[in-house]
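# Summary of structural features
Here is how the chains run, residue by residue.
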Amino acid sequence: MGKKPYWITISGGEPFLRNDIVDICRVIYKLSQPAIINIPTNGILDNIIPQAVADIAASCSKSKLIINLSLDEVGERHDKIRGVKGNYERTRRTYQALRELGLANLTLGIHTVISKFNVARFPQIYDELKTWQPDSYITEVAEERVELGTIGAGITPTAGEYTQAIGYLIEKISCSSPKGVSKITQAFRLQYYKLVKQYLSEGREVIPCYAGIASCQIAPDGDVWPCCIKAQVMGNLRETDYDFPKLWFSDKAQKLRREIKSSNCCCPLANASYTNMLCDLTSLWRAGWRVLRR
């Protein structure tokens, strides 16, 4: 892939369960030098994560390292959703330890998945988690994914439930006064939240999907997918001797892109949605206008 990737996310499961997570980031930095390395974590491994993050930040000094801690509720309610007793307090300790590192290239965020389990309490959840004063606070809607084995699980809130919850967040964001790059990222987040509302209520493609063109996902076994919702295989890196361009421009990959385009593929996946907006002139105009108005 060379130095083409701008943003690389190392996802899970739980990435910090890997003993070689620091080595993985070092190799990525050496070969690709992405502007951003993003690692989401459940924060449970409070005795491991802070040192690992410090080592990654030192090894990838010219990349912005984003660590997003996943918190879907407060206190024991979060533990119940995640199925791990003490999860919330461990995540709090992880957050405090990461904040104390004082790393210049570290952005520390909190990430909440809005699902049927917490949608009714979202305003209270948001108000509590914002007292932690994270560098960023983001949400996405719970989805049924092939990758996660959640097809048919019924975890996605209704359009009405999500609209009410996200309306509270939009109101709070609109009252804030971000500066610099934060103004731009906030404009795109607001645009994403509105896209999800429209998708849930109308069930149709709101903007074209560029998954498999502007973004992709590499699975642990080497399979490359346009996205993790359908998990359709464009090819396998091991079978192409890790020659990414050979896989990326293969007939199979081109066929999947045509299928995505012809089927008006749509979903509220955050990862793909943000890159989709960057490729969509209307979305860019709306986000740009929002920045100028502020």
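For the structure, see preceding data.
These notes cover the structure that comes with them. All values reported here derive from a predicted model rather than from experimental measurement.

## Some remarks on unusual backbone geometry
- Omega for the bond connecting Gly 12 with Gly 13 falls within 30 degrees of zero, at 0°, which places this linkage in the cis form.
- For Gly 13, the location among the structural elements is in the loop between β1 (7-9) and α1 (21-32).
- A positive phi angle, near 45°, is found at Gln 33, a position not held by glycine.
- With relative accessibility at 45%, the residue Gln 33 sits in the partly exposed group.
- At Gln 133, a residue that is not glycine, the phi angle is positive and equals roughly 60°.
- Here Gln 133 shows up in the loop between α5 (122-130) and β5 (136-141).

## Re the packing of helix α2 (residues 49-59) against helix α4 (residues 87-101)
- Relative orientation of the contacting elements α2 and α4 amounts to 30°, with a least axis distance of 9 Å. Crossing geometry of α2 relative to α4 is assigned as right-handed. Across the interface between the two elements, Ile 49, Pro 50, Val 53 and Ala 54 from α2 touch Thr 94, Ala 97, Leu 98 and Leu 101 from α4.
- For the contact of α2 with α4, the residue count by class is seven nonpolar, one polar and no charged.

## Digging into the side chain of Asn 236
- With respect to the helices and strands, the residue Asn 236 is situated in strand β8 (residues 235-236).
- A residue is classified by how much of its surface remains accessible, and Asn 236, at 10% relative accessible area, is buried.
- A distance of 2.8 Å separates the side chain of Asn 236 from the side chain of Asp 223, its partner in a polar contact.
- Here Asn 236 is in contact with Asp 221, Gly 222, Asp 223 and Leu 247, once residues within four sequence places are set aside.

## Brief notes about the environment of Leu 129
- You can see Leu 129 is positioned in helix α5.
- Taking the C-alpha atoms as reference points, Leu 129 and Val 291, separated by 162 residues in sequence, lie 26 Å from one another.
- For Leu 129, the residues in contact, after removing those within four places along its chain, are Leu 71, Tyr 88, Ile 110, Thr 112, Pro 134 and Tyr 137.

## What to know about helix α10 (residues 270-278)
- Those residues of α10 not exposed but buried are Ala 270, Ala 272, Ser 273, Asn 276 and Met 277. Buried residues of α10, seen end-on, are gathered within an arc of 160° and therefore sit on one face of the element.

## Digging into the sheet that holds β5
- Taken together, the five strands give an open sheet; going across it, the order is β1-β2-β3-β4-β5, and neighbouring strands pair in parallel fashion. Only two strands of the sheet have a single neighbouring strand rather than two, namely β1 and β5. Strand-to-strand twist of the sheet, defined as the mean angle between neighbouring strand axes without regard to direction, takes the value 25°.
- Sheet topology note: the strand β4 (residues 106-114)/β5 ladder contains six bridges and is parallel. Within β5, the position partnered with Val 113 by the bridge is Glu 140.
- Across the sheet, helix α6 (residues 159-174) is in contact with β4 and β5; its angle to β5 comes to roughly 170°.

Each value, and the rule that gives it
- Residues numbered from 1 in each chain as written.
- Predicted model: local features only at pLDDT ≥ 70, side-chain atom pairs only at ≥ 80, totals over all residues.
- Heavy atoms only, no water.
- Helix = DSSP H or I, 4+ residues; strand = E, 2+ residues; numbered from the N terminus.
- Buried < 20%, exposed > 50% of the residue type's maximum accessible area, 1.4 Å probe, protein only.
- Axes fitted to C-alpha atoms, helices over the stretch in contact; angles between N-to-C directions.
- Left-handed = near helix turned anticlockwise from the far one by under 90°.
- Contact = heavy atoms within 4.5 Å.
- Nonpolar A, V, L, I, M, F, W, Y, C, P; charged D, E, K, R; others polar.
- Polar contact = N/O pair within 3.5 Å; in protein donor to acceptor, adjacent residues only side chain to side chain.
- Arc of directions from axis to C-beta.
- Pairing = 2+ DSSP bridges.

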